[in-house]
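The primary structure of each chain is shown beneath.
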Amino acid sequence: MTTVEKNQTYTVTIDDLSHEGLGVAHIDGYPLFIENALPEEEIKVKAVKVGKKFGYGKVMERFNANPERQEVKDLDLLRSGIAPLSHMTYDYQLRFKQQQVVKVLKTIAKLPELPVASTLGMENPFEYRNKAQIPVQKVDDQLMTGFYRKNSHILLPIENYLIQDPKIDQAIIAVRNILRRFNVKAYNERENTGFIRHIIIRRGHYSHEMMVILVTRTERFFKGTEIAEIIKAELPEVVSVIQNINPEKTNVIMGREEKVLYGKSVINDTLLGKTYQISPQSFYQVNTEQTEVLYQTAIDFAELNSEDIVVDAYCGIGTIGLSLADKVKHVYGVEIVPQAIEDAKANAKANGIENANYEIGKAEKLMPRWAREGIEPSVIFVDPPRKGLDEKFIEASVAVNPQKIVYISCNPATLARDLRRYEDLGYHAVKVQPVDLFPQTYHVESVTLLIKAV
Ligand code: SAH
């Protein structure tokens, strides 16, 4: 039970930060999570949501500022969750992320001794995203682009996203204006009516090739080809315009069916000197510059040699394995999205790499099968989604007896859980390097080296 009441105001001092970068204040032990509030700041807070175990508050007045506070130019960037750490100096953000890892290694992994290096950050921690997924809604009788307010589907009109490649910001406005000129209807989520649901844009960091994906509710796209031609004419970098059809009432952004409205069905870009094709459905790291730092760290941790047999699990379009294929004997990649495996195979070929095999499937299914087939990797790279590794995968990876496992993680909590499992199964974590792939946001990426205990 708490004495905190909804809509009441309290004067509090922030004593912690949540993993989402929200300030935390305690009122008689009851935690309130507060946007745009930093440790040591004394504030007047209004309780806006009061639950059984915790609540949310809104800053009404701030009496002092943490020296690491930085001016937020557009509060919508906090409200939308696009840049939830943009009120912190970049140096503070980097330390915050390192501490997030240190914390879970202690509490979840029970590995308090494991050293965590300082987060590797960017020189310019803005305008880095090579991809945008922008919701479209009708606002004031007009087709509008922007971003949802956190935990809602209310669209905040936004034109400068701060963390996206500015060419992508410009392209969103251009595409929005073209759609308006053609009177294309925005999608209505509540009723599952209307037409354009999302505008997705990808731009190759090095190649500058641009792909525009228009996600529509239905297939018939009146003047779709003409619209695609005009997009190309106004945005000369565009090499591909795709219509993706998503008829479902769902939060999942893309549907299964696709049509090329203009140009190619992929874009190309390079990473660590290798060239890659990227399909609309394939995962591709959004921060190209820092992805190179991340992969290089992972490769350096592995200390590869020409006899190594490498598994690249959760391989996407093959970028990690193909970056290191020249150094090793063989690479086996597995990935669940079929388009990504098509890309990975094409990418091996385009780079003249003949010692890499790719298979569609679940890593937790493929790994035990490879073990039965007698494939004996010496190094396993894993790069799973936020939910981390499946127990079956962990067991199978240990059963094939690799010398090293390099764990690339986008979620410290599941990383810590999995490191505990590996530790119990005889693999010892020796070092962790956080790399900031998502400046201004609370996402924490890291690389951990595990070696077989002797
Ligand atoms: N290593 C790649 C991709 C990392 S993202 C890169 O750096 O670009 C994680 C990838 O895992 C995604 O491509 C996703 O489609 C894939 N994936 C998710 N669940 C999976 C599973 N159970 N088995 C194999 N791949 C999976």
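If you're wondering where the values come from, they're calculated on a predicted model, not measured in any experiment. (Residues numbered from 1 in each chain as written. Predicted model: local features only at pLDDT ≥ 70, side-chain atom pairs only at ≥ 80, totals over all residues. Heavy atoms only, no water.)

### Overview of the pattern of salt bridges
Consideration 1: All told, the structure shown has 22 salt bridges when counted by the stated rule.
Consideration 2: For Glu35, the salt bridge is made with Lys150, and the minimal N-O distance between the two is 2.6 Å. Taken together, the positions of Glu35 in the loop between β4 (30-34) and β5 (42-50) and Lys150 in the loop between β8 (142-148) and β9 (155-157) put the pair 115 residues apart, joining distant regions of the chain.
Consideration 3: Exposure remark for Glu35: the relative accessible area of 29% places this residue in the partly exposed category.
Consideration 4: Judged by its relative accessible area of 33%, Lys150 falls in the partly exposed class.
Consideration 5: Of the charged contacts, one joins Glu41 and Arg69 as a salt bridge, the two residues approaching to 2.8 Å between their closest N and O atoms. A residue pair is termed long-range when its members are at least 10 positions apart, and Glu41 in the loop between β4 and β5 and Arg69 in the loop between β6 (55-62) and α1 (76-79) qualify at 28 residues. (Salt bridge = Lys/Arg side-chain N within 4 Å of Asp/Glu carboxyl O. Helix = DSSP H or I, 4+ residues; strand = E, 2+ residues; numbered from the N terminus. Buried < 20%, exposed > 50% of the residue type's maximum accessible area, 1.4 Å probe, protein only.)

### A word on the pairing of β6
Consideration 1: Looking at chain direction, β4 and β6 are connected through three bridges and run parallel. In the sheet register, Ile34 faces β6, and the bridge partner there is Gly57.
Consideration 2: As paired strands, β5 and β6 are joined by seven bridges and run antiparallel to one another. Looking at β6, one finds that Lys49 is bridged to Tyr56.
Consideration 3: Taking the residues between adjacent antiparallel strands as the criterion, β5 and β6 are bridged by four residues. (Pairing = 2+ DSSP bridges.)

### What to know about the UniProt feature "active site" (unreviewed entry) in the protein chain
Consideration 1: The UniProt feature table records "active site" (unreviewed entry) at Cys410.
Consideration 2: On the secondary structure map, Cys410 appears in the loop between β20 (404-409) and α10 (412-424).
Consideration 3: Cys410 sits in the buried class, given a relative accessible area of 18%.
Consideration 4: If near-sequence neighbours (up to four positions away) are discounted, Cys410 is found in contact with Pro384, Pro385, Arg386, Val444 and Glu445. (UniProt positions renumbered as here; feature names shortened; annotations may be inferred. Contact = heavy atoms within 4.5 Å.)

### Notes on helix α5 (residues 288-302)
Consideration 1: Given a rise of 1.5 Å per residue, 15 residues ought to cover 21 Å, and the 21 Å separating the end C-alpha atoms of α5 matches this to within 8%.
Consideration 2: Burial analysis of α5 places eleven of its 15 residues in the buried class, the great majority of the element.
Consideration 3: The set of residues buried in α5 consists of Thr288, Gln290, Thr291, Glu292, Leu294, Tyr295, Thr297, Ala298, Ile299, Phe301 and Ala302.
Consideration 4: Summarising the contacts, the buried residues of α5 are in contact with β14 (267-271), α6 (319-324), β19 (379-382), β20, β21 (427-435) and β22 (445-452).
Consideration 5: Trailing α5 by a residue or two, Glu303 shows a phi angle of about 40°, which is positive. (Expected span 1.5 Å × (residues − 1).)

### A look at the site of the ligand
Consideration 1: Close to the ligand lie 17 residues, the nearest being Tyr295, Tyr314, Glu335, Ala363 and Asp383.
Consideration 2: Side-chain polar atom of Gln285 to an oxygen atom of the ligand: 3.3 Å apart, as the coordinates give it.
Consideration 3: Taking Ala363, its main chain carries an N or O atom lying 2.8 Å from a nitrogen atom of the ligand.
Consideration 4: In isolation the ligand has 570 Å² of accessible area, and contact with the protein removes 90% of it. (Near = heavy atom within 4 Å. Polar contact = N/O pair within 3.5 Å; in protein donor to acceptor, adjacent residues only side chain to side chain. Areas by Shrake-Rupley, 256 points an atom, 1.4 Å probe, with all protein chains shown as cover.)

### Comments concerning the packing of helix α3 (residues 166-181) against helix α4 (residues 224-234)
Consideration 1: Interhelical geometry of α3 versus α4 gives an angle of 140° and a closest axis separation of 10 Å. Taken as axis vectors, α3 and α4 run oblique relative to one another. With respect to the hand of their crossing, α3 and α4 are arranged in right-handed fashion. In this structure, α3 uses Ala174, Val175, Ile178, Leu179 and Arg181 to contact α4, whose residues at the interface are Ile227, Ile230, Ile231 and Glu234.
Consideration 2: Its residues assigned to classes, the contact of α3 with α4 shows seven nonpolar, no polar and two charged. (Axes fitted to C-alpha atoms, helices over the stretch in contact; angles between N-to-C directions. Parallel < 35°, antiparallel > 145°, perpendicular 65-115°, else oblique. Left-handed = near helix turned anticlockwise from the far one by under 90°. Nonpolar A, V, L, I, M, F, W, Y, C, P; charged D, E, K, R; others polar.)

### Quick word on the side chain of Ser282
Consideration 1: Within the fold, Ser282 resides in the loop between β15 (274-278) and α5.
Consideration 2: Its relative accessible area of 2% is what places Ser282 among the buried residues.
Consideration 3: From its side chain, Ser282 meets the backbone nitrogen of Ala340 in a polar contact 3.4 Å long.
Consideration 4: With residues up to four places along the chain from it excluded, the contact list for Ser282 reads Arg202, Ile317, Gln339, Ala340 and Asp343.

### Looking at the sheet that holds strand β17 (residues 330-335)
Consideration 1: As summarised here, the arrangement of the seven strands in space is β18-β17-β16-β19-β20-β22-β21, forming an open sheet in which the pairing is mixed. The sheet is open, and its two edges are formed by β18 (356-360) and β21, each paired on a single side. Across the sheet, the mean angle separating the axes of adjacent strands is 15° when strand polarity is ignored.
Consideration 2: Taken together, the five bridges between strand β16 (residues 309-313) and β17 define a ladder with parallel strand orientation. Among the inter-strand pairings, Ala313 is bridged to a residue of β17, identified as Val334.

### Overview of the sheet that holds strand β2 (residues 16-17)
Consideration 1: An order of β1-β5-β6-β4-β3-β2 is seen for the six strands of this open sheet, with the pairing classed as mixed. The sheet is open, and its two edges are formed by β1 (9-13) and β2, each paired on a single side.
Consideration 2: Here β2 pairs with strand β3 (residues 23-27) via two bridges, running antiparallel. Note that in β3 the partner of Leu17 across the bridge is Gly23.

### As for a nonpolar patch on the surface
Consideration 1: A contiguous nonpolar surface patch, about 230 Å² in accessible area, is contributed by Val48, Phe54 and Tyr56.
Consideration 2: Position of Val48 relative to the elements: it lies in strand β5.
Consideration 3: For Val48, a relative accessible area of 32% translates into the label partly exposed. (Patch = residues over 30% accessible without salt bridge, like charges linked within 9 Å, V, L, I, M, F, W, Y side chains within 5 Å.)

### Observations concerning the domain arrangement of the protein chain
Consideration 1: Domain boundaries assigned for the protein chain yield domain 1 (9-69), domain 2 (102-122 + 287-452) and domain 3 (131-271).
Consideration 2: With centres defined by C-alpha atoms, the gap from domain 2 to domain 3 works out at 32 Å.
Consideration 3: Carbon and sulfur atoms supply 63% of the area buried between domain 2 and domain 3, which totals about 670 Å² over both sides.
Consideration 4: The largest share of the area that domain 2 buries against domain 3 comes from Thr288, Glu292 and Gln440, three residues that together contribute 53% of it.
Consideration 5: Counting across the domain 2 and domain 3 interface gives zero salt bridges.
Consideration 6: Counting across the interface, domain 2 meets domain 3 through two residue pairs in polar contact (both at pLDDT 80 or more).
Consideration 7: Elements that contribute at least two residues to the side of domain 2 that touches domain 3 include exactly α5 and α7 (338-350).
Consideration 8: Split into classes, the residues belonging to the side of domain 2 that touches domain 3 amount to two nonpolar, six polar and three charged. (Domains from an automatic or database assignment. Buried area = accessible area lost by both parts, 1.4 Å probe.)

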